[in-house]
Amino acid sequence: MYNFEYRRAQSVAEAAKLIKEADDGKILAGGMTLIPTLKQRLAQPSDLIDIGKIAELKGISVSGKTLTIKAMTRHFDVHSSPEVKKAIPALAVLAGGIGDPSVRHRGTIGGSTANADPAADYPAGIVGLGATIETNKRKIAADDFFTGLFETALEPGELIIAVHFPIPDKAGYLKFAHLASGYATCGVMVSKTGNQVRVGVTGAGPNAFRVPEMEAALAKTFTPDAIANIKYPADELLSDMHASAEYRAHLVTVIAKRAVAAALA
Amino acid sequence: MAKISMTVNGKTVSGDVEPRTLLVQFIREHLGMTGTHVGCDTSQCGACNVHYNGEAVKSCTILAVQADGSDVVTIEGLAKPDGTLHPMQAAFREYHGLQCGYCTPGMVMVAVDIARRLPCADEATVREELYGNICRCTGYQGIVEAVMAGSEAMQTGVLPLKDHH
Ligand SMILES: Cc1cc2nc3c(=O)[nH]c(=O)nc-3n(C[C@H](O)[C@H](O)[C@H](O)COP(=O)(O)OP(=O)(O)OC[C@H]3O[C@@H](n4cnc5c(N)ncnc54)[C@H](O)[C@@H]3O)c2cc1C
Ligand code: FES
Ligand code: FES
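Peer 1: Looking at this structure, how should I read the pairing of strand E3 (residues 47-50) of chain A?
Peer 2: Residues in a regular strand point their side chains to alternate faces of the sheet. Residues and elements named next belong to chain A. Burial along E3 is two-sided: Asp-47 and Ile-49 facing one way and Leu-48 and Asp-50 facing the other are all buried. By the bridge criterion, four bridges tie strand E1 (residues 5-8) to E3 in an arrangement that is parallel. Considered in E3, the bridge of Arg-8 is made with Asp-50. Of the strand pairs in this sheet, strand E2 (residues 25-28) and E3 are connected by four bridges, and their pairing is parallel. Paired with Ile-27 across the two strands is Ile-49, which belongs to E3.

Quick look at the structure:
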């Protein structure tokens, strides 16, 4: 690991100030992605600004039809939260399937969202549930947030404060996990609110995306069979040693069907 | 350099570390406690698990400066001062939950964490919870049996013995 300056921020305002002052500063949340990256010398930030002790960034709450999860809330907390299990059980399932218990004890929703790994679980949840990302500057809709491979709408130094999830009538999440890494080769969050349906897919493309054709079919008939013959075009998907684009396209349909079944269960 | 202090196995320790020092390096190289192992450099093997404020974490994926002010327990902190093994350690011995022993410190720390969180976990759950601990030797069967027996012993105070036939 290259050396860096370490600063612990006590508030969001202080974190924003420290990151602005640094030459090439990076936010340190749970460190479950950033520290392995530093260990491999794949990044060389001048400063790490640790937001792990900022109390205003932790917590889960429900207000009306919205579930709010603050940025520094860990996967473990989301998985075991009675509020999440009651409001959006599929999100508790999603968080409980990330990595292993030790990763879930450290990794956070804010870090996972900001990192925008193409195979991460939360992006499917955010897109499939139509969440809103609140930063220290503005609110960003899920559909505008994930812009490419590891790319988001966040500006340099912009901090995620919380993710707001509208509470659906039904939702289901399922992933086809890569056996060695546990990340999603394909993961799908399906949600239904009134007659509005959203299908959010991770793992298959460079960033999480929706499948409008499936959404329209499911809005008419919310059953796995309704989307059995809908194929996502393979030429927009990733192809690597783990899965070809054609195989991922196949998985999108299979996993989406299972996610619908999970939502109905 | 940064001055840090924390509680390790009940004792207050302090040190002067570079910000890039990992918690596992602080434990092994600064404190000289080599029970906590490093089995990979990708945060995937789980050999380095310790209890951090009461929860299993990978000490290779947390900076020593982040752990300033925390309460850490390593494998050395599990047995009683007179050498009596922790029920989970006794279970690993009884059920052949180890061969070379390299993964064992991390396995045992995670096993204790699982037993505390999920005291009645069934075999499938134990296997799922051990996902982040890789063992090159045992094939896991003995480990899973040890975790279930150790978990029972932590609750009842009695370790069910293995049927050796
Ligand atoms: C062994 C292992 C297995 C894993 N398996 C999975 C898996 O199956 N599925 C999955 O989805 N993930 C997986 N992960 C990744 C894990 O979920 C990470 O926790 C997550 O990707 C990053 O969250 P973090 O809090 O650890 O962030 P960090 O590593 O601290 O930061 C990640 C990035 O986000 C930035 N950042 C962090 N917080 C904020 C914020 N509030 N505002 C703006 N920027 C911020 C940082 O600057 C950094 O660039 C795994 C990780 C490991 C080590
Ligand atoms: S050494 Fe920490 S996970 Fe392998
Ligand atoms: S006992 Fe040898 S690695 Fe597990």
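That shown, we press on.
Peer 1: So what exactly am I meant to see when it comes to the site of ligand 1 here?
Peer 2: If you check the shell around ligand 1, you find 33 residues, and the closest are Ile-27, Met-32, Leu-34, Thr-108 and Asp-121 of chain A. Taken together, the residues near ligand 1 originate from chains A and B. Taking Ile-27 of chain A, its main chain carries an N or O atom lying 2.7 Å from an oxygen atom of ligand 1. In this structure, Leu-34 of chain A approaches ligand 1 through a main-chain N or O atom, which is 2.7 Å from an oxygen atom. The protein chains hide 94% of the 980 Å² of surface that ligand 1 would expose on its own. Mapped onto the shell around ligand 1, the elements with two or more residues apiece are E2 and helix H7 (109-115) of chain A. No other element matches the five residues that H7 of chain A contributes to the shell around ligand 1.

Peer 1: Explanation requested: the sheet that holds strand E12 (residues 184-193) of chain A in the structure shown.
Peer 2: Backbone hydrogen bonds hold the strands of a sheet together, and the pairing may be parallel or antiparallel. Residues and elements named next belong to chain A. Pairing within the open sheet is antiparallel, and its four strands lie in the order E11-E12-E13-E14. Sheet topology places strand E11 (170-177) and strand E14 (209-210) at the edges, where each strand pairs with a single neighbour. Here E11 runs beside E12; their pairing, made up of eight bridges, is antiparallel. Residue pairing for E12: Gly-172 is matched across the bridge by Val-190. Strands in contact with helix H10 (residues 212-220) are E12, strand E13 (196-202) and E14; relative to E13, the strand with the most contacts, it is inclined by about 145 degrees.

Peer 1: Before we go on, may I ask you to explain the interface of chain B and chain A in this structure?
Peer 2: When the parts of a complex come together, some accessible area is lost, and that lost area is often taken as the interface size. Each side of the interface is counted separately: chain B has 27 residues, and chain A has 32 residues. Buried surface at the junction of chain B and chain A, both sides included, amounts to about 2400 Å², of which 52% is carbon and sulfur. Taken as a group, Arg-20, Gln-66 and Tyr-131 of chain B account for 27% of the area that chain B buries against chain A, more than any other trio of residues on that side. Counting across the interface, chain B meets chain A through three salt bridges.

Peer 1: When you look at the domain arrangement of chain A in this model, what are you seeing that I'm missing?
Peer 2: Residue and element names in this part refer to chain A. Each domain of chain A was delimited in the assignment, giving domain 1 (5-50) and domain 2 (60-264). The distance between the C-alpha centroids of domain 1 and domain 2 comes to 26 Å. The partner domain 2 presents ten residues to the nine residues of domain 1 that form the contact. Summed over both sides, the interface of domain 1 with domain 2 buries roughly 770 Å², with 76% coming from carbon and sulfur. Interface area lost by domain 1 to domain 2 is led by Val-12, Ala-29 and Met-32, which between them contribute 51%. With four residues, helix H1 (residues 12-21) is the single largest residue contributor to the side of domain 1 that touches domain 2. Within the side of domain 1 that touches domain 2, the residues separate by chemical class into seven nonpolar, two polar and no charged.

Peer 1: Would you explain the domain arrangement of chain B in this entry?
Peer 2: Residues and elements named next belong to chain B. In terms of domains, chain B is made up of domain 1 (2-77) and domain 2 (87-156). A separation of 21 Å is found between the C-alpha centroids of domain 1 and domain 2. The interface is formed by 18 residues belonging to domain 1 together with 14 residues belonging to domain 2. Both faces considered, domain 1 and domain 2 share a buried interface measuring about 1200 Å² in area, 58% of it formed by carbon and sulfur atoms. Of all residues in domain 1, the largest losses of buried area upon contact with domain 2 belong to His-37, His-51 and Ile-75, amounting jointly to 42% of the total for that side. Where domain 1 touches domain 2, the interface holds zero salt bridges. Counting across the domain 1 and domain 2 interface gives nine residue pairs in polar contact (both at pLDDT 80 or more). Residue assignment for the side of domain 1 that touches domain 2 shows that the elements contributing at least two residues are strand E3 (49-52) and strand E4 (55-58).

Peer 1: Would you mind showing me how to read the sheet that holds E3 of chain A here?
Peer 2: Residues and elements named next belong to chain A. The sheet built from three strands is open, its strands ordered E1-E3-E2 with parallel pairing. Edge positions in the sheet fall to E1 and E2, since each has one partner strand and no second. Averaged over all adjacent pairs, the angle separating strand axes in this sheet is 25 degrees, with direction ignored.

Peer 1: Looking at this structure, how should I read the environment of Ala-259 of chain A?
Peer 2: All names here are of chain A. Along the chain, Ala-259 falls in helix H11 (residues 245-264). Ala-259 gets classed as buried once you look at its relative accessible area, which sits at 0%. In this structure, the C-alpha to C-alpha distance between Ala-259 and Met-189, residues 70 residues apart in sequence, is 6.4 Å. Other than its neighbours up to four places away in sequence, Ala-259 contacts Gly-172, Leu-174, Val-188 and Val-190.

Peer 1: How do you make sense of the side chain of Arg-198 of chain A when you look at a structure like this?
Peer 2: All names here are of chain A. Along the chain, the position of Arg-198 falls in strand E13. Relative accessible area serves as the criterion here: at 19%, Arg-198 is assigned to the buried category. Polar contacts involving the side chain of Arg-198 include one to the side chain of Asp-143, which spans 2.7 Å. The contact partners of Arg-198, leaving out residues within four places of it in the chain, are Val-127, Gly-128, Leu-129, Gly-130, Asp-143, Met-189, Val-190, Ser-191, Arg-210 and Glu-215.

Conventions adopted
- Residue positions are given per chain, counted from 1 along the sequence in the order it is written.
- Lettering of chains starts at A and numbering of ligands starts at 1, both following the order in which they are written.
- Owing to the predicted nature of the model, reporting of local features is limited to residues with pLDDT of at least 70; listing and counting of side-chain atom pairs is limited to 80 or more, with chain, interface and lining totals taken over all residues.
- Just so you know, side-chain values use all the structure's heavy atoms and leave hydrogens and water out.
- Exposure classes here rest on a 1.4 Å probe applied to the protein chains alone. A residue is buried below 20% of its type maximum, exposed above 50%, and partly exposed in between.
- Only DSSP runs of H or I with at least four residues qualify as helices, and only runs of E with at least two residues qualify as strands; both kinds are numbered from the N terminus onward.
- At least two DSSP bridges between two strands are needed for those strands to be called paired.
- The cutoff for a nearby residue is simple: one of its non-hydrogen atoms must lie within 4 Å of the molecule or strand.
- Within 3.5 Å is the distance limit for a polar contact, defined as a pair of N or O atoms, with the added protein rule that one can donate a hydrogen and the other accept it, and that residues adjacent in sequence qualify only through two side-chain atoms.
- Here the open area of atoms and residues is found with the Shrake-Rupley method and a 1.4 Å probe, where only the protein chains shown may cover a residue.
- Residue contacts follow a heavy-atom distance rule, with two residues in contact if any of their heavy atoms lie within 4.5 Å.
- With axes taken as lines fitted to C-alpha atoms, and helix axes fitted only over the stretch in contact, angles between N-to-C directions fall between 0 and 180 degrees.
- Put simply, buried area is how much 1.4 Å-probe accessible surface two parts lose in total, over both of them, once they are put together.
- For this analysis, a salt bridge means a side-chain nitrogen from Lys or Arg found within 4 Å of a carboxyl oxygen belonging to Asp or Glu.
- Each domain span listed reflects an automatic or database assignment of domains.
- Gly falls in the polar group here, along with every residue not listed as nonpolar (Ala, Val, Leu, Ile, Met, Phe, Trp, Tyr, Cys, Pro) or charged (Asp, Glu, Lys, Arg).

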